[in-house]
Amino acid sequence: MTIKAHERYSRQVLFPGIGAHGQEHLSSSRVAIVGCGATGSALSSLLARAGVGFLRIIDRDYVEPSNLQRQVLFDETDAAESLPKAVAAARKIRSFNSDITVEERVADLTPENCAELLGNVQLIMDGTDNFETRYLINDFAVSQSIPWIYTAAVGSYGVAMNILPGETACLACVFPDSPTGIVETCDTSGILNSAVNLVASISATEALKLLVGAKDKLRRTLLSYDVWTNDHAEVSARRPRPDCRCCAEHNFVHLAGDGRPHITLCGRNSVQIHERHRPVNFAELTSKLSPHGTVRHNDFVLKFFREPYEMTLFPDGRAIIKGTTDTAIARSLYARFVGS
Ligand SMILES: [Zn+2]
């Protein structure tokens, strides 16, 4: 231990809501954070600095220059190396708190790996940017009675809600179906970093309350706050909806993975392919691809540039193809250069 715990956490222990006892609870707590972009970075940073003893950071993506405006755990070197966000986040956290355990998982959360990635934790934090993954977290969390905290930010507003299975409303109680039509995303509407940090701070504080056992202090509403217009609203989420598919009927359709595509759009003009687990050898693939475009790799990702496309491949064979939203083009590029 580089800094004694009582010194590191002294100012937090002084706060009566935490105290020495609460700090001990935090150090023995286990939390999973799904998605380590803007909200996930801020949540991870706050919980790691607060002394949550075990953090599992799950993210499918890699660091890019456009992330640096708001994703507080990353720096220019991470973007230059296209480091997976989970790897870069864990490195950064270890540099400011070596007393806690951080487990990085470079993966897309799916029905198949949900139990492994989200098991054995007391709390799940949402740092994702899409409803598909949030419904999956919700199904898993409700089925296993694990609390989770929904956190989202886009444009100038943030939204947060605590989900305590068996007590409060779940995500499907409030949003029975995924929003349809044009859904705003950070890629289409932009995002203010202050909206991210506001809502992440609110959710991280709710996490601390839950982990130290201050359940009476937990907010039981869906909260939204716009930092630009100053509009804010709260909707009660105190009780589950009696006809909720998820928490009343226990119909976990997202966990069952019915009809879940293995090729998905993932924002910013990209398609993700994760059709099967196919370990790839980066050195072999580099020599195979060199005649066809620019290739470079490190231990974590292989990048293949072939105008107008850019393929990022992970060691398990998952790929993100940038430069198209046409899944057929992405699939044929993958088949041609990686294998069908
Ligand atoms: Zn529900």
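Anything mentioned here points back to the structure above.
Residues numbered from 1 in each chain as written. Predicted model: local features only at pLDDT ≥ 70, side-chain atom pairs only at ≥ 80, totals over all residues. Heavy atoms only, no water.

Caption draft 1: Region of interest: the coordination of the zinc ion. Distances from the zinc ion to its protein donors, namely Cys170 (SG), Cys173 (SG), Cys244 (SG) and Cys247 (SG), fall within the range 2.2 to 2.3 Å. Around the zinc ion, the 4 donor atoms sit at angles spanning 97 to 121°, and that spread fits a shape best called tetrahedral. Binding-site remark: the zinc ion is held by donors from one chain whose sequence spacing is C-x2-C-x70-C-x2-C. One exposure class covers both Cys244 and Cys247, and it is buried. (Donors = N, O, S within 2.8 Å, 3.2 Å for Na, K, Ca; no water. Tetrahedral: all angles 85-135°; square planar, octahedral: opposite > 155°, others 65-115°. Buried < 20%, exposed > 50% of the residue type's maximum accessible area, 1.4 Å probe, protein only.)

Caption draft 2: Representation of the sheet that holds strand S8 (residues 232–236) in the model. The strand order S3-S2-S1-S4-S5-S6-S7-S8 describes an open sheet built from 8 strands, whose pairing is mixed. One side of each edge strand has no neighbouring strand; the edge strands of this open sheet are strand S3 (101–106) and S8. Within the sheet, the average angular offset between the axes of one strand and its neighbour, ignoring direction, is 15°. Two elements, strand S7 (residues 221–226) and S8, share 5 bridges in a ladder whose sense is antiparallel. Counterpart to Leu222 in the pairing with S8 is Val235. Across the sheet, helix H6 (residues 85–96) touches strand S2 (54–59) and S3, and the angle it forms with S3 is around 165°. (Pairing = 2+ DSSP bridges. Helix = DSSP H or I, 4+ residues; strand = E, 2+ residues; numbered from the N terminus. Axes fitted to C-alpha atoms, helices over the stretch in contact; angles between N-to-C directions. Contact = heavy atoms within 4.5 Å.)

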